[in-house]
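Architecture at a glance
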Amino acid sequence: MSIFGVSAAEEELYRHFLRNPDTAIDELRKRGDDAGRDAEHCLERLRHLGLIHPTGAGGRITPADPEVAVARLTDARLHALLQEVQRVTQSRHIVQSLRSEQGAWMAPQGIEQLHGLEEIRNRIEDLAFFARDEILSVEPYTRLSAENIERSRPLDLRCLRRGIRIRNVVLRAALDHAPTADYLRELAAEGAVIKVAENISERILVYDGRTALVPLDPQNTSRGALLARSTGLVSNIIALFEKIWSQADELPTVTGAETRPDAGEQGLTGTERRVLLSMCSVGKDETGARDLGVSVRTYRRHVADIMQKLDAANRAHAALLARERGWV
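Only a predicted model underlies this, so the values are computations on that prediction, with no experimental measurement involved.

1. Focus: the overall build of the chain
The helix and strand inventory of the chain stands at 13 helices and eleven strands. Within the chain, buried positions represent 38% of all 328 residues. Residue pairs in contact within the chain that sit at least 24 positions apart in sequence constitute 69% of those at least 6 positions apart.

Right under this line is the structure:
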């Protein structure tokens, strides 16, 4: 019962009353030694927790029913935890206090310089973790490496599942790279709003309309980046994003007959190939979705698409057809 804040001595005394209901404790009270004082303290705690009840003269005690007692302790513990969570979530003002300590080395206008890719990546992970409302981004890449996708997927999906809005502008040429296109459409399926542009060179990241991250050199991100919290500067960066956003096109949809340039004769996307392998090796959708870093809903949508392409009656039939065709 320690999980509820009940000490070992208090639990033992409660168990004693369960074994010996209507126990008289007058003799215990008359004792002046340490055992008597400890027992008296435990009795007060048990009364406070509602685990025992006095029943008439003679100091007789009746223990609360175990189911009622545990339910009462659970409610009290959950209430205490809720209050603790509220105190933690309402303590973001501490950030400003700590931020003031950076004054000795941080630029006075609220700009911080980040050095090297590792520091930039770590800061992006922190900003994504603490984001609450919206993440804006402009990224002029033509392809993402497998490492980049695997690093970004859990961050992006976590944000989307927390209800954070993501608006992202990428180069249209990125759709010519199948793994990148699959990843972008995966995010779109989870709720991200993605647009494509023919020609962009800006690199922009804005978190919750308050913090912006821009590279020192858009052509060489390894040189470092600037993290801005200045209201005026961030507002200008957001205005630039909105201009790019308004001129970009919606993410093209993929028709049933369309295949990617490197999807191969199978007509499967990279994500679908991974799902197909997962279908043939794991039993539960939840396990397969977790292994691939996608939601169960997205995983099942890919399964349905694969079954349609294979013209399979069920999953077992789909696995059999895939093996017969040498797809797995």
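2. Considering the nonpolar core
One finds I135, L187, I194, Y207 and L213 to be the most contacted residues of the largest nonpolar core, which totals 30 residues. Those elements giving two or more residues to this core turn out to be α6 (116-130), α7 (146-161), β6 (165-171), α8 (178-189), β7 (193-197), β8 (204-207) and β10 (225-228). Contact partners of L187, with chain neighbours within four places excluded, come to D156, L157, L160, A192 and I194. With 18 residues, the next largest nonpolar core counts I204, A212, W245 and A248 among its residues.

3. Things to note about the sheet that holds β10
Strand order in the open sheet formed by eight strands is β4-β10-β9-β8-β5-β6-β7-β11, with mixed pairing between adjacent strands. Where the open sheet ends on each side, the last strands, each with one partner, are β4 (111-114) and β11 (249-250). Pairing analysis gives four bridges linking β4 to β10, with the strands arranged antiparallel. Bridge pairing in β10 places E112 opposite L227.

4. Here's the deal with the packing of aromatic side chains
If you walk through the whole model with that rule in mind, you get two aromatic pairs. Ring geometry for F241 versus W245: centroids 5.8 Å apart, planes at 25°, classification stacked. Pair noted here: F241 and W245 are both in helix α9 (residues 231-247), with a separation of four residues, about one helical turn. Take F241 and W245: they sit in the same class, and that class is buried. The cationic tip of R167 hangs over the ring face of W245; the distance from NZ or CZ to the ring centre is 5.0 Å.

5. Some thoughts on the confidence of the model for the chain
Interpretation of the predicted coordinates at a detailed level should be avoided for regions scoring low in pLDDT. Of all residues in the chain, 80% attain a pLDDT of 70 or more, and the chain-wide mean is 78. Ignoring residues within four places in sequence, the model shows residues 104-108, a span with pLDDT below 50, making five contacts including any to other chains. Per-residue pLDDT stays below 50 along residues 255-265; that stretch engages in 14 contacts with residues further than four places along the chain or on separate chains.

6. So, the packing of α6 against α7
At a minimum axis separation of 9 Å, α6 and α7 run at an interaxial angle of 20°. Taken together, the axes of α6 and α7 are roughly parallel relative to one another. As for how α6 packs across α7, the hand of that crossing is left-handed. Judged by residue contacts, E118, R121, N122, E125, A128 and F129 of α6 engage N148, R151, L155, R158 and C159 from α7. Of the residues in the contact of α6 with α7, the class split is four nonpolar, two polar and five charged.

7. Quick look at the environment of R121
Among the secondary structure elements, R121 is positioned in helix α6. The exposure class of R121 is partly exposed, given its relative accessible area of 27%. Once the C-alpha coordinates of R121 and R151 are considered, the two residues, 30 residues apart in sequence, prove to be 9.7 Å apart. Excluding residues that lie within four positions of it along the chain, R121 makes contacts with N148 and R151.

8. Description of the pairing of strand β5 (residues 134-139)
Of the strand pairs in this sheet, β5 and β6 are connected by six bridges, and their pairing is parallel. Looking at β6, one finds that V138 is bridged to V169. Alignment of β5 against β8, held across four bridges, turns out to be antiparallel. Paired with V138 across the bridge in β8 is I204.

9. Digging into the side chain of E190
You can see E190 is positioned in the loop between α8 and β7. Put simply, E190 is tucked away with no salt bridge, and the nearest opposite charge, on R161, sits 4.2 Å away.

10. Description of unusual backbone geometry
For D208, which is not glycine, the phi dihedral falls at a positive 55°. With respect to the secondary-structure elements, D208 resides in the loop between β8 and β9 (211-215). With a phi angle near 55°, D311 is a residue other than glycine that sits in the positive phi range. One can find D311 in the loop between α12 (296-310) and α13 (315-324). Residue D311 is classed as exposed on the basis of its relative accessible area, which comes to 64%.

Reading the values: the criteria
- Residues numbered from 1 in each chain as written.
- Predicted model: local features only at pLDDT ≥ 70, side-chain atom pairs only at ≥ 80, totals over all residues.
- Heavy atoms only, no water.
- Helix = DSSP H or I, 4+ residues; strand = E, 2+ residues; numbered from the N terminus.
- Buried < 20%, exposed > 50% of the residue type's maximum accessible area, 1.4 Å probe, protein only.
- Contact = heavy atoms within 4.5 Å.
- Core = buried A, V, L, I, M, F, W, Y, C linked by side-chain atoms within 4.5 Å.
- Pairing = 2+ DSSP bridges.
- Phe/Tyr/Trp six-rings, centres within 6.5 Å; stacked < 30°, edge-to-face > 60°.
- Lys NZ or Arg CZ within 6 Å of the ring centre and 35° of its normal.
- pLDDT = per-residue confidence, 0-100.
- Axes fitted to C-alpha atoms, helices over the stretch in contact; angles between N-to-C directions.
- Parallel < 35°, antiparallel > 145°, perpendicular 65-115°, else oblique.
- Left-handed = near helix turned anticlockwise from the far one by under 90°.
- Nonpolar A, V, L, I, M, F, W, Y, C, P; charged D, E, K, R; others polar.
- Lys, Arg positive; Asp, Glu negative; His and termini not counted.
- Salt bridge = Lys/Arg side-chain N within 4 Å of Asp/Glu carboxyl O.

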